[in-house]
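Understanding the architecture of this molecule
Single-letter residue listing:
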Amino acid sequence: MVAPHAPHISNDPPDIAARKKALRLRCVAALRARNVRLDHGIVRRLEALLHPGAGPIACVWPLAHEVDLRPLCHTLAQAGANVVLPQTPPRGAPLVFRQWVPTSTMLAGRFGTHYPDGPIMEPRIVLVPLLGFDRTGNRLGYGGGYYDRTLAALPHAASIGYAPSTQEVAQLPCGPHDKPLSCIVTEKEVIRFG
C-alpha cells in the first residue's frame, strides 16, 4: 500500500474531506481488527479473476496490517504473468510500476513501502488496496491521492479494488477527483461496475 503515514492531501471540498477523514479512522480500525485468515479468500478470488496473458498486472507489497498479496504475486509469476509493484514517487506524481519476479531484490520505499529493483512497466490491470468501499465502486484510500493520480494517468487500465468485506460502508463521500473502480473483490464476492 502507498502512503499510509502521509498527511492527508486533498482537493476535496472541506465537508467531503472531513467526512473522509472520519471514515478513514473507522476503516483503519476495522482493517486492523479483521480476521486475517479470511484474506485467503480475497487472494483466491483474485487468482480466479486475473488472466496471466492480460498484460502487466500491478499488485501491492503489503504493509503489516494489509491484505497480503504476496501469494498472488507468486501464483501469477509462475503462470507467466508480468507482475509489477508500485514505487511511491514524491507527492503530486502518479505511482511508478516496476517489474517483480520471485528473485527480485526489494528496496525500501517511502512511507514504509517496498518495491522491486526492476524495469519500469505500464500495467494493464491495477489492483487497488482499499480502506473502504461502497456498492457504487467508490473507494477510500489513505488520502495521499497516489491511486487517484495513477488511475487518471492510466485511463485504459482496469482498476480492481480489493478489501475484506468488513471494509464496506453504505455510501462514501466523493470528491471531484474520485473515480469509480471497475470491480471490487472481497473474500465473499466480486462486485462489478459498469
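Before reading on, note that the structure itself is shown above.
Residues numbered from 1 in each chain as written. Predicted model: local features only at pLDDT ≥ 70, side-chain atom pairs only at ≥ 80, totals over all residues. Heavy atoms only, no water.

The next subject is the overall build of the protein chain. Along its length, the protein chain carries four helices and 11 strands. Its C-alpha radius of gyration of 15 Å places the protein chain within 12% of the 16 Å reference for a compact globule of 194 residues. Overall, the protein chain is about 45 × 35 × 30 Å in size when its C-alpha atoms are taken along their principal axes. Residues counted as buried form 52% of the 194 residues belonging to the protein chain. The long-range fraction of contacts in the protein chain, counting pairs at least 24 apart against all pairs at least 6 apart in sequence, stands at 69%. As displayed, the protein chain has an accessible area near 9100 Å², and 55% of this comes from carbon and sulfur atoms. A gap of 2 Å separates the mean positions of the 21 positive and 14 negative side-chain charges of the protein chain. (Helix = DSSP H or I, 4+ residues; strand = E, 2+ residues; numbered from the N terminus. Rg over C-alpha atoms; globule rule 2.2 N^0.38 Å. Buried < 20%, exposed > 50% of the residue type's maximum accessible area, 1.4 Å probe, protein only. Contact = heavy atoms within 4.5 Å. Areas by Shrake-Rupley, 256 points an atom, 1.4 Å probe, with all protein chains shown as cover. Lys, Arg positive; Asp, Glu negative; His and termini not counted. Charge placed at Lys NZ, Arg CZ, Asp CG, Glu CD.)

Attention shifts here to the environment of Thr103. Considering the arrangement of structural elements, one finds Thr103 in the loop between β3 (96-100) and β4 (106-108). For the pair Thr103 and His156, spaced 53 residues apart in sequence, the C-alpha to C-alpha distance is 30 Å.

Every buried residue belonging to helix α4 (residues 146-153) is among Tyr146, Tyr147, Thr150 and Leu151, and all of these are buried. Projected down its long axis, α4 shows its buried positions confined to an angular sector of 120°, all on one face. Buried residues along α4 sit in contact with β2 (83-87), β3, β6 (125-129), β8 (139-140) and β9 (158-162). (Arc of directions from axis to C-beta.)

To continue, consider the pairing of β6. Counted residue by residue, β6 has five buried out of five residues, so it is predominantly covered. Residues Ile125, Leu127 and Pro129 point to one face of β6 and Val126 and Val128 to the other, with burial holding for every one of them. Note that strand β1 (residues 57-58) and β6 share two bridges and pair parallel. Bridge pairing in β6 places Ile57 opposite Ile125. Relative to β9, β6 is paired through five bridges, and the arrangement is parallel. Along β9, the bridge assignment pairs Val126 with Ser159. (Pairing = 2+ DSSP bridges.)

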